[in-house]
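# Summary of the model geometry
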Amino acid sequence: MTPALGLGLRYYAPHSSAEVDHLIRGLLVRVSKQLGVAVGTEEIRRWEGTYGIVVSQEHQAAVYRRDFLGSSRRLHQRLGVPISSVLRRRNGRYSIVGQVAVLENDRVDWIPTEPWVRTQLGHPPRTYTHPEEAPGAYFLRKLLLEGIGAIPRGVGGSAEDNLMGNAPELARWLNAHGVTVGSALAPLAIPGGTYALFETSAADERGFWLVCGLERFSYSGLRRALRARRAFASAHGPSRVSLALLVGPPHSESRQLWTFPGRPGPAGAPAGPASESGRFTARPRRATAG
């Protein structure tokens, strides 16, 4: 599986638990080899103090300003809470060591948190009790099992863009609302944004569903998605390339679905869109593929 353009991981080492630290480092090596994702480790300065290991607050503060502060608005949207509440304690001290960050074009795009792990496991938010449930370790294990689709990535390429969640969750939502998709492929980077990509479920026809999310509807976002569909179709003809545009928060009852069914182009020629009109439904539970 080819990872999306610009995707990477960064581990802020070491984790406070030597066992978790060893686990994360090993998983990073496996992720790099198996998925081809660029990984890096930043060793936070530390030294032996009177009462044990002391981790540099100055170094962590510099990392916070460099890697997280500029992306704070986007991370707030992605995590649902301010990034400061995740990486800073009530006394103002930083807690960056042990974090594993997902990078897109060298910018932090998302980090796994304990509440996210608890949601995945179906448990209420609480401190983990097993090394493999530490957020970074759990996320990397999930990544190895599910591939790139395990990363809750944004699509569309701007601050307005919606959060799509992982590929299995997105596929279930689409199937439940009338858009039948097949296998998930790697998230696709197209000039102007990153899109979820699925094969169609039709066994006798080569085709794709390109999925774009927007936090709120705008004609510029719609035009950007349609251009992306045309660009992808021109490179994969003859194929049927359909577009699904999701508008609104990913877990909201008011989420809207627009569909733009594609049609295959003639053999040897690029595929083209059937129309630019699309089909719109005001409530996602009534959404159907047009």
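Above this text sits the structure in question.
Let me begin by describing the structure that accompanies this report. Each chain carries its own residue numbering, running from 1 in the written order of its sequence. Thresholds applied to this predicted model are a pLDDT of at least 70 for local features of residues and 80 or more for the giving and counting of side-chain atom pairs; totals over whole chains, interfaces and linings are not thresholded and use all residues. The basis for the side-chain values is all heavy atoms of the structure; hydrogens and waters are excluded.

Here we take up the environment of L87. Looking at where L87 falls in the secondary structure, it is placed in helix α4 (residues 83-87). Exposure classes here rest on a 1.4 Å probe applied to the protein chains alone. A residue is buried below 20% of its type maximum, exposed above 50%, and partly exposed in between. Owing to a relative accessible area of 0%, L87 belongs among the buried residues under this scheme. In this structure, the C-alpha to C-alpha distance between L87 and F68, residues 19 residues apart in sequence, is 9.3 Å. Runs of E in the DSSP output that reach at least two residues are strands. Runs of H or I that reach at least four are helices, and both are numbered from the N terminus.

A pair of strands counts as paired when DSSP detects no fewer than two bridges linking them. Pairing within the open sheet is mixed, and its 4 strands lie in the order β2-β1-β5-β6. Looking at the sheet topology across the chains shown, the edges are occupied by β2 (38-43) and β6 (107-110). With strand direction ignored, the average angle separating the axes of adjacent strands in the sheet is 40°. Of the pairings in the sheet, the one linking strand β1 (residues 7-13) to β2 comprises 6 bridges and is parallel in character. Its bridge partner being in β2, Y12 is matched across the sheet by E42. By definition, residues are in contact when any of their heavy atoms lie within 4.5 Å. Here, axes are lines fitted to C-alpha atoms. For helices the fit covers the stretch in contact, and angles between N-to-C directions go from 0 to 180 degrees. Contacting β1, β5 (100-104) and β6, helix α6 (residues 135-146) runs over the sheet at an angle of about 55° to β5.

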